[in-house]
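One letter stands for each residue in the lines below.
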Amino acid sequence: MKTKKIKYFISSIIMACFFSCDSYIDVVPDNIATIDIAFNNRDNAERFFYTLYHYMPSHGNVNANPGLIGGDEVWINPISGNGLGAFKMTQGFQNVVSPELNWWSGYSNDMFVGLRDCNIFLENIDRPRDLIEEEKTRWIAETKFLKAYYHFWLLRMYGPIPIIDQNTPVGASVEEVRLERDKVDDVVNYIVSLLDEAMVDLPPFIAVPALELGRATQPIAASIKAQVLAFAASPLLNGNPAYSNWVNNAGEPYVNQTFDITKWEKAAEASAEAIMLSEENGHSLYKSNGSAQFTLSDSTITKLSIREAVSKRWNPEIIWGNQNSNASGLQSMSFVKADPSLTPEELGQAATNWSPTLTMAELFYSDNGVPIEEDLAYDYAGRYGVKTAGSDHRYYIEEGYQTASLHFNREPRFHASLGFDGSKIYGMGQVNDKSIFTIKSKNGQPASGSNDRNYSVTGYYAKKLINLEDIISGGSWRVNAYPFPVIRLSDMYLLYAECSNEAYGPSAEVYDNIDIVRERAGLDGVVASWAAHSNNPSKPNSKEGLREIIHQERLIELSFEGHRFWDLRRWLKAQTYLDGTEMKGWSIKASTVVDYYKVTLVGKTAFSQKNYFWPIKESDLLVNPNLDQAPGW
């Protein structure tokens, strides 16, 4: 493997201020002028070490994570959203002069600077004489993990990237510091080797949660390894002829041109290891205990299990929560104004402008656990009509309320994840499911918005992301922040099912890993559900049919968590879903049922082949002629 280098220097370390009072990353260092001072004792070395986590992407921030608003899951009120980079990208406004979400060279927590600092740490950590061996070993392992993750973050965006395995000494020639891209398989192998080395010395779990939650563990590293290998095995990078002419200076394609089934086998093995390590160290699918004050219905408890798997701090399903990213801004954008007693001033406290699309409302299964267009009993043709809710829907929709037929006879994940006109929402100060708020979104109603920007443009709300204790009260919005869930155990179950199906085809083990996620969602198993309720009952029996099922399971289970954006890309489905696709919702300015439930256009996505990978900024290419641009840019 070639050695890639980046210029070696450090003038100071500038730390951001971190918010969490119970976090290990509250260790805020003084400015450190030289490497000699940075590593002259254990305390300074510790300060330097914690700065390496500073480069971690803010996964719960829509300005940093393209997965949150870069596709067709949500649309943003244009008045408040047009300045967001990922929202520009999804409308086709990416460019080479000033690229949106420029993680190559445009962020204060520049990934390449982070990789440089990781290398500085590894090169100098033997210098402090008062550092105990056990602590040093763990810090080295975490630094290797961070190097691996930062490479992976760039790999998903840019495809072939330079491998930054060590720094270049002062005095190196100009040519030595000019980076080149490495082939994708070389980058993947390097990332995996770092993760394998790190896992040997990472702790299996966090022993001091009050101080260290969010730091790397064996289950986290194993899960990232599985994601990296699944990414490399997927159609985007595994024998994709679209990149046959994208070659390095030696004429070798950056992306391998021969499909390799063993890549799926390795990804399946890595996913199984991640699940094993996670389960052995206390991770399990979250299931709500209900309320201490009231007896809740089974329907409500199922909804809470699904919703709190994301929004409940450090629940056992969270393999990795990003302590640097507390999702408070995302909760403000998702918050539903359902309390009818709120004043216009209070209604303006939360943004409520992160708007799930009709595409997502139609994605979720029927209550029979199959796609609504396949369900033999579901009135798919009449889904845009209006129905009145009866008592059988009272824990989902207000009894007697008129809402779209699309909202009836849907699976619990639909009602746990989405809010809509007429739907019930648990929390916001209401903990008895016999008397919780109803979302009312027609013109003039509480959820319709108090001004021209703070409302959902589609009439849907990402209820899944709202912590149960969030509330507008006393004239202000009070958020219960939680570390954004980067990896949940349900993700690993479904990833294993996908990789194993691709490698070996349908099996009892594949079904089991899908069905454990479905069981938590209140659904029967895949085979039984399709046999009893689908117009394509044999679909789970073939690799192709089961692939389609697994893809939809992932898109449903992980909705609004930033995964769909990456999954559609690695599956080579992004053009199908995002090329000139109309984003739709309800006529949210209407005040009557008849007028409100008319499908309306809120925007349109744009995606072409070149959008699978980010462009490098033109000026960066002028500075470094050894770099080449991604195809199409």
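Structure: above.
Residues numbered from 1 in each chain as written. Predicted model: local features only at pLDDT ≥ 70, side-chain atom pairs only at ≥ 80, totals over all residues. Heavy atoms only, no water.

**Q** What's the story with the overall build of the chain in this structure? I'm lost.
**A** What the chain contains, in helices and strands, is 24 helices and 14 strands. On C-alpha atoms alone, the chain measures out to a radius of gyration of 25 Å, which is about the 26 Å that the 2.2 N^0.38 rule sets for 633 residues. Projected onto its principal axes, the C-alpha coordinates of the chain cover approximately 75 × 55 × 50 Å. Residues counted as buried form 60% of the 633 residues belonging to the chain. A fraction of 71% describes how many contacts in the chain between residues 6 or more apart in sequence connect residues 24 or more apart. (Helix = DSSP H or I, 4+ residues; strand = E, 2+ residues; numbered from the N terminus. Rg over C-alpha atoms; globule rule 2.2 N^0.38 Å. Buried < 20%, exposed > 50% of the residue type's maximum accessible area, 1.4 Å probe, protein only. Contact = heavy atoms within 4.5 Å.)

**Q** Quick question: what am I supposed to make of the packing of aromatic side chains here?
**A** Two aromatic rings, taken as a pair, are described by how far apart their centres are and by the angle between their planes. Under the criterion given, the structure shown has 36 aromatic pairs. Ring centres of phenylalanine 49 and tryptophan 139 lie 5.3 Å apart, and the angle between their planes is 15°; on these two criteria the pair is classed as stacked. Pair noted here: phenylalanine 49 is in helix H2 (residues 42-51) and tryptophan 139 is in helix H7 (residues 133-158), with a separation of 90 residues, a long-range link. Judged by its relative accessible area of 0%, phenylalanine 49 falls in the buried class. Residue classification places tryptophan 139 among the buried residues on the basis of a relative accessible area of 2%. Taking NZ or CZ as reference, arginine 383 lies 3.9 Å from the ring centre of tyrosine 380, over its face. One residue, lysine 442, lies across the ring of tyrosine 596, its end atom 5.7 Å from the ring centre. (Phe/Tyr/Trp six-rings, centres within 6.5 Å; stacked < 30°, edge-to-face > 60°. Lys NZ or Arg CZ within 6 Å of the ring centre and 35° of its normal.)

**Q** Can you help me understand the nonpolar core in this one?
**A** Side chains that are nonpolar tend, in soluble globular proteins, to be buried together. Within the largest apolar cluster, 168 residues are counted, with the highest numbers of intra-cluster contacts made by Phe145 and Trp354. A total of 13 residues in this core trace back to one element, the largest contributor, which is H7. Other than its neighbours up to four places away in sequence, phenylalanine 145 contacts Leu195, Ala198, Ala216, Ile220, Ala221, Ile224 and Trp320. In terms of nonpolar packing, the next biggest core, distinct from the first, is built from 15 residues, Val336, Ala350, Tyr461 and Trp477 among them. (Core = buried A, V, L, I, M, F, W, Y, C linked by side-chain atoms within 4.5 Å.)

**Q** Sorry, what's going on with the packing of helix H10 (residues 218-233) against helix H11 (residues 261-280) here?
**A** Packed helices, taken two at a time, are described by their axes: the angle between them and the distance between them. Running from N to C, H10 and H11 cross one another at 160°; their axes reach a closest spacing of 8 Å. As summarised for this structure, H10 and H11 are arranged roughly antiparallel, according to the angle between their axes. Handedness of the crossing formed by H10 with H11: left-handed. On the side of H10, the interface is formed by Gln218, Pro219, Ala222, Ser223, Lys225, Ala226, Leu229, Ala230, Ala232 and Ala233, while H11 contributes Lys263, Trp264, Lys266, Ala267, Ala270, Ser271, Glu273, Ala274, Leu277 and Ser278. (Axes fitted to C-alpha atoms, helices over the stretch in contact; angles between N-to-C directions. Parallel < 35°, antiparallel > 145°, perpendicular 65-115°, else oblique. Left-handed = near helix turned anticlockwise from the far one by under 90°.)

**Q** Before we go on, may I ask you to explain helix H12 (residues 298-311) in this structure?
**A** Because the α-helix completes a turn every 3.6 residues, residues three or four places apart line up on one side. With 14 residues, H12 ought to run about 20 Å at 1.5 Å a step, and its terminal C-alpha atoms sit 20 Å apart, in line with that. The buried fraction of H12 is high, at 11 of 14 residues. Thr300, Thr302, Lys303, Leu304, Ser305, Ile306, Arg307, Glu308, Ala309, Val310 and Ser311 are the residues of H12 that are buried. Elements that come into contact with the buried residues of H12 comprise strand S2 (318-322), helix H16 (412-417), strand S7 (424-425), strand S12 (484-488) and helix H18 (508-520). (Expected span 1.5 Å × (residues − 1).)

**Q** What should I look at first to understand the pattern of salt bridges in this one?
**A** Close approach of charged atoms lets side chains of opposite charge pair. Counting across every chain of the model gives 41 salt bridges. In this structure, aspartate 196 and lysine 225 form a salt bridge, with 2.8 Å as the shortest nitrogen-oxygen distance. A residue pair is termed long-range when its members are at least 10 positions apart, and aspartate 196 in helix H8 (residues 184-201) and lysine 225 in helix H10 qualify at 29 residues. On the basis of relative accessible area, aspartate 196 is assigned to the partly exposed category, the value being 33%. With a shortest N-O distance of 2.6 Å, glutamate 317 and arginine 520 are connected by a salt bridge. Of the two residues, glutamate 317 sits in the loop between H12 and S2 while arginine 520 sits in helix H18, which places them 203 residues apart along the sequence. (Salt bridge = Lys/Arg side-chain N within 4 Å of Asp/Glu carboxyl O.)

**Q** Where do I start with the side chain of aspartate 117 in this structure?
**A** Relative to the helices and strands, aspartate 117 resides in helix H6 (residues 111-124). Overall, aspartate 117 belongs to the buried group, its relative accessible area being 2%.

**Q** Whenever I open this one, the environment of phenylalanine 294 confuses me. Can you help?
**A** Along the chain, the position of phenylalanine 294 falls in the loop between H11 and H12. Judged by its relative accessible area of 31%, phenylalanine 294 is partly exposed. Here the alpha-carbon distance between phenylalanine 294 and valine 431, two residues 137 residues apart in the chain, equals 7.5 Å. Not counting residues up to four positions away in its chain, the partners in contact with phenylalanine 294 are Val431 and Asn432.

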